[in-house]
Amino acid sequence: MIRVRALFAAVAVPLLLQGCAVWHLTGYAIRPDYPRVEPGDIPVDGLSAPVAVTLLPDGRPRIEAANEMDLARITGYMQARDRLFQMDLLRHLADGRLAELVGDVPFGSGTALDSDRFFRFAGLRRDAQFMYASATTEDQALARAFAEGVNAWVNTGHISLEHRLLGVPVVRQWTAVDTFSVFRFIMFGMTHNWSREIRRLVMACDAGIDGAERIWPSVMEFGPTFLPPESLDPATYPVAPAIVPEMRAALADLCPKAPAVQTAYVPDSISLPLLQLRNGISASNNWAVAGSRSASGKPILENDPHLPHMNPPFVWGVHQKLPGREIVGFTLPGVPLVTFGQNLKVAWAATINSVDLQDLYVYKPGTLADGSEGYVYEDDVRPFEYRVEEFRVKGGDPVTSTARFTHHGLILNDVDPFLRDRIPLTALRGVQLQPFRDAGAMLAASQTATGEDFARAMQPMDTACISWLYADVAGNIGFTSPCRVPVRPHHFGTFAVPGWLAKYEWDGFVPKERLPRAHNPERGWLATANNQAVPFDRFYTAYNNDANPPNRYMRLSAELDARADWTPADMAKLALDVRLAWWSPLRASLDGACARGTAEGDPAARRLATEICGWDGDMSADATAATLFVHWTHAVLDLALADELREGPDGAVWRYVQEIPHFEANVDWMWQRPVSDAVWDDARTEAKESRDDILVRAFALAATEVAKRYGPEAADLRWGSVRPFYLKHPFGGLNAILAGLLNGKSYRGVGAPETVFKNQFSRSDRESMHPGAGPAMRTVVDLANPGAAEYAIAGGASGWARSPSYDEGTEAWLNGAMRPMVPEVDGPAQLRFIPPPPSASEGVAVKN
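Residues numbered from 1 in each chain as written. Predicted model: local features only at pLDDT ≥ 70, side-chain atom pairs only at ≥ 80, totals over all residues. Heavy atoms only, no water.

Remarks on the pairing of strand S24 (residues 525–528)
Covered by surrounding structure in S24 are Trp-525 and Ala-527 together with Leu-526 and Thr-528, the residues of both alternating faces. Of the strand pairs in this sheet, strand S6 (residues 283–289) and S24 are connected by four bridges, and their pairing is antiparallel. Bridge assignment links Asn-286 to a residue of S24, and that residue is Thr-528. (Buried < 20%, exposed > 50% of the residue type's maximum accessible area, 1.4 Å probe, protein only. Helix = DSSP H or I, 4+ residues; strand = E, 2+ residues; numbered from the N terminus. Pairing = 2+ DSSP bridges.)

Below you can see the structure in the form of structure tokens.
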């Protein structure tokens, strides 16, 4: 009884859990009712023939159907069976209805309602409706079939624990547009240049353009680039300026004059991984070696897409079989098609290409003839378009909001309270959607027999630039990245431009035949790690102009180039690499700072400096110096960069700037600055500081922080101990009971934001440095035997807590153990779906 009372007390406190939620949680904790296999046929409306499903030992389904539509229908059923709440959560996020589901709870630096305003007015649902309406008849039918399968599961009445805790007795029916909406939402997170541009603009209003440029420069070119030399355009082109002269002249007058009111930054329970889908998914790795570099004589392809770490994981595995065709791999929740995988003839892998598909436009305010407000464009004052939306809030009254639009797009000041009094009137512009062909392209590409056919089939894709690598059984490897890239004749695209001048409009789009690509490179390998594809001056307009630093690529390329006997096991081992590629060359230049650091200051600072200066850059779980290095880096950032801001390192602007994963590019850029660079001078002192001065001060600050956080004895400073790894459920931060039930098991963490085995944390989250993103799964395919391909996943196939395949793959994933993607399974299929009998009425009940 005492234990039950404690349970009630623990879960009754959060406002999110109301009414009967305590009883639901108690019942589930005692006897979880996750879906179990039951004998008998399962009737599903719309099926034209029986469909067999075998649950593989790891919980993934193998679905065998007679045709494409039946396959999509049962894919929907099985995905909803495993992940309905995750799908529904993403649908609410994309549609700007999160507060309707969970209430106006904290979300990032605002609330769920703030998130809703952003996404509703950004028009992702409208985009989805257009995408569906403009898709081919076949693609529409595929999306409807998937939705029918989802609803067949919904109609069983088997409601997830999360829905019960939220008091949702009946989940709204899934629609074909919902699939497009979730897809559009995820693609928005992959076209994320705006999240860096807006932070540069916030800083420029706070510290001036020159001050902002010292913190996070608008042009940072990292080498090396990943395309082989023979794939580059031989011509060179002038690089357009990022900060155009009209913006430099006018910005100070356009920024808000009054100091911004400090906005509290409150860590919350549900947004850590989900915020990346707004601010930008940051990374991934993929690489391929040709047969000339493999032990088998055929290509080998590896992929580890770095996605938000969450429980359940952000990927869902499936093996789809049709007569004469098999596809096995992973897709995204709410999406029926395999995104990362193979068809036993061609294997494909995807990473983000960091191509700039967005711009910010700043305006001069104007007054119309009738006295109403407008914005200046050339010699006219144009009226705003006003849009009004009503937002339902769980447990509260509806809220009505209005936002302004220009011909470029949404005014961000109207939808983000943090930005409202910190930036001038600013609109977000994205690439206008065309008739939607992405789904058909992905489906066609998954059915190809050669890599060249795969690349041709992918050409109609428009929505986001993805770095696709492919390899085939014939021995080919290659790279393609189709999308609609704007042509910017007069600006670089990494800083806001004058919205009042037509000069800075886009001039059409890059013809797809001119986009970078590669096929069978001379060196015998390809690798991408979100770094630059081409040098800035080797493409005629801005391409991937805000890419990640090349550290992961440097580690991969050095290893791939060094040997010619690669095996799948070697590939899997390389994916676990946790060495910082840039530390050794940087360490060689730090002798002056290290000598001073190990000789000056108190004993704790000297010990810290000694350990860091003798470190080899290894971010393994047992590395004490890795922990010290991270805290030292925090201190260096505060001293060298935050001094430019009005409120310094304790202000909301500094936390806002560091919130996104892409800030890590600036961390690496800072370490590369010359010893006497202006960035090292502390603007708050009269002295002229050098790099060594800042680094030595940082040793002392880091030593103080380490003693404060871990105790004066600092008994266990190993990286894996102070920063454990676990998969966080969206509800996992509400209280200990929910955390114990829904979060993954805790392990000793490894890796850093820019190691091959990436474990991304937000620099603004210095308290926990929780791993918010990394390789959601890994796949390795040797095209000599595609049926023997292997994978590892952080998490499990199921989204039902305490089910056999919930979180059960994490330990193997962490340690590098791989599983077969196409396992042999004895015995008949466990589930058999059939068309309803002719006499069945509408809305037939379906067994789970």
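Describing the state of the cysteines
Under the counting rule described, the total for this entry stands at three disulfides. The partner cysteine of Cys-465 in its disulfide is Cys-483, sulfur to sulfur 1.5 Å. Of this pair, Cys-465 sits in the loop between helix H14 (451–458) and strand S20 (466–472) while Cys-483 sits in the loop between strand S21 (477–480) and strand S22 (497–498), placing them 18 residues apart in sequence. Residue Cys-465 shares its accessibility class with Cys-483, and that shared class is buried. A sulfur-sulfur separation of 2.0 Å characterises the disulfide bridge that pairs Cys-594 with Cys-613. One quick way to see it: the torsion about the S-S bond of Cys-594 and Cys-613 is about -90 degrees, and its sign makes the bridge left-handed. Within this pair, whereas Cys-594 is found in helix H18 (residues 591–599), its partner Cys-613 is found in helix H19 (residues 603–613), the two being separated by 19 residues in sequence. Here Cys-594 falls in the buried class, since its relative accessible area comes to 6%. Judged by relative accessible area, Cys-613 falls into the buried class, the value being 11%. Across the chain, the way the bonded cysteines pair up, counted in sequence order, is 1-2, 3-4, 5-6. (Disulfide = S-S within 2.5 Å.)

Regarding the sheet that holds strand S13 (residues 365–367)
On the basis of which strands lie adjacent, the open sheet formed by three strands has the order S13-S14-S15 and antiparallel pairing. The sheet is open, and its two edges are formed by S13 and strand S15 (380–383), each paired on a single side. If you compare each strand with its neighbour and ignore which way they point, the axes differ by 55 degrees on average. Here strand S14 (residues 373–377) pairs with S15 via four bridges, running antiparallel. Across the sheet, the residue bridging to Tyr-377 is Asp-380, located in S15. (Axes fitted to C-alpha atoms, helices over the stretch in contact; angles between N-to-C directions.)

Details of the nonpolar core
Counting residues in hydrophobic clusters, the biggest one holds 283 residues, and the most contacted among them are Met-78, Trp-583, Trp-632, Trp-671 and Phe-833. Residues contacting Phe-833, with those up to four places away along its chain left out, are Ile-42, Val-44, Leu-47, Ala-49, Pro-50, Val-51, Val-53, Ile-74, Tyr-77 and Met-78. (Core = buried A, V, L, I, M, F, W, Y, C linked by side-chain atoms within 4.5 Å. Contact = heavy atoms within 4.5 Å.)

Things to note about the confidence of the model for the chain
When the pLDDT values of the chain are averaged, the result is 92; 95% of them are 70 or greater. Every residue in residues 840–848 is under pLDDT 50, and counting partners more than four places away or in other chains gives 17 contacts. (pLDDT = per-residue confidence, 0-100.)

Some points on the environment of Asn-193
Among the secondary structure elements, Asn-193 is positioned in helix H10 (residues 193–215). Asn-193 gets classed as buried once you look at its relative accessible area, which sits at 3%. Considered as a pair, Asn-193 and Ala-21 are 172 residues apart in the sequence and their alpha carbons are 40 Å apart. Ignoring sequence-local partners within four residues, the contact set of Asn-193 consists of Asp-356, Gln-358, Gly-493, Thr-494, Asn-545 and Asp-546. A polar contact is formed between the side chain of Asn-193 and the side chain of Asp-546, at a distance of 3.0 Å. (Polar contact = N/O pair within 3.5 Å; in protein donor to acceptor, adjacent residues only side chain to side chain.)

Some details on the pattern of salt bridges
Within this structure, the stated rule accounts for 51 salt bridges. A salt bridge links Asp-561 to Arg-293; the nearest nitrogen and oxygen atoms lie 3.3 Å apart. Residue Asp-561 is located in helix H15 (residues 551–561), and its partner Arg-293 is located in the loop between S6 and strand S7 (300–308); the two are separated by 268 residues in the primary sequence. Linked by salt bridges that have partners in common, Asp-88, Arg-91, Asp-95, Arg-125 and Asp-178 make up one network. (Salt bridge = Lys/Arg side-chain N within 4 Å of Asp/Glu carboxyl O.)

Details of the packing of helix H20 (residues 624–640) against helix H22 (residues 663–671)
Angle between the axes and distance between the axes are the two parameters that describe a pair of packed helices. Their axes nearest at 11 Å, the elements H20 and H22 cross at an angle of 85 degrees. Compared by their axis directions, H20 and H22 come out roughly perpendicular. Between H20 and H22, the contacting residues are Phe-629, Trp-632, Thr-633, Val-636, Leu-637 and Ala-640 on the first element and Phe-663, Val-667, Met-670 and Trp-671 on the second. For the contact of H20 with H22, the per-class residue count stands at nine nonpolar, one polar and no charged. (Parallel < 35°, antiparallel > 145°, perpendicular 65-115°, else oblique. Nonpolar A, V, L, I, M, F, W, Y, C, P; charged D, E, K, R; others polar.)

Points about the packing of H18 against H19
Direction vectors running N to C along H18 and H19 enclose 145 degrees, while the axes themselves pass 7 Å from each other. Every pair of crossing elements has a handedness; the one defined by H18 and H19 is left-handed. Contacts between H18 and H19 involve Cys-594, Gly-597, Thr-598 and Ala-599 from the former and Ala-605, Arg-606, Ala-609, Thr-610 and Cys-613 from the latter. Partitioned by chemical class, the residues of the contact of H18 with H19 number five nonpolar, three polar and one charged. (Left-handed = near helix turned anticlockwise from the far one by under 90°.)

Some remarks on the sheet that holds S20
Pairing is mixed across the open sheet formed by eleven strands, whose spatial order is S1-S29-S2-S3-S8-S9-S10-S11-S20-S21-S23. Across the chains shown, the open sheet's two edge strands, defined by having one partner strand only, are strand S1 (41–43) and strand S23 (518–519). With seven bridges joining them, strand S8 (residues 316–322) and strand S9 (residues 325–331) adopt antiparallel strand pairing. Directly across from Trp-316, in S9, lies its bridge partner Thr-331. Each of strand S11 (346–352), S20, S21 and S23 is contacted by H14, which is oriented at about 150 degrees to S20, the strand it contacts most.

Section: helix H23 (residues 691–710)
Note on helix geometry: an α-helix contains 3.6 residues per turn, so any two residues three or four positions apart are oriented the same way. Here H23 spans 28 Å end to end across 20 residues, near enough to the 28 Å set by a 1.5 Å rise per residue. Taken together, the buried positions of H23 are Arg-691, Asp-692, Ile-694, Leu-695, Val-696, Ala-698, Phe-699, Ala-702, Ala-703 and Val-706. Residues of H23 that are buried in the fold lie against helix H17 (583–587), H18, H19, H20 and H22. Looking one or two residues beyond H23, the residue adopting positive phi is Gly-711, at roughly 95 degrees. (Expected span 1.5 Å × (residues − 1).)

Overview of the packing of aromatic side chains
Evaluated as defined, the whole model comprises 43 aromatic pairs. Taken together, a centroid distance of 5.7 Å and an interplanar angle of 75 degrees make the contact between Phe-183 and Phe-436 edge-to-face. Here the residue Phe-183 occupies a position in helix H9 (residues 176–190), and Phe-436 occupies one in the loop between strand S19 (426–430) and helix H13 (438–445), the gap between them amounting to 253 residues. A ring pair is formed by Trp-582 and Phe-629, whose centres lie 6.0 Å apart and whose planes are at 50 degrees; its orientation type is tilted. Placement of Trp-582 in the loop between helix H16 (568–574) and H17 and of Phe-629 in helix H20 is noted, with a sequence separation of 47 residues between them. Owing to a relative accessible area of 5%, Phe-629 belongs among the buried residues under this scheme. Following the ring pairs from residue to residue traces out a cluster consisting of Trp-582, Trp-583, Trp-615, Phe-629, Trp-632, Trp-671 and Phe-699. Positioned above the aromatic ring of Phe-405 is the side chain of Arg-387, whose terminal nitrogen or guanidinium carbon lies 3.8 Å from the ring centre. One Lys or Arg, Arg-523, reaches over the ring of Trp-525 and ends 3.8 Å from the middle of that ring. (Phe/Tyr/Trp six-rings, centres within 6.5 Å; stacked < 30°, edge-to-face > 60°. Lys NZ or Arg CZ within 6 Å of the ring centre and 35° of its normal.)

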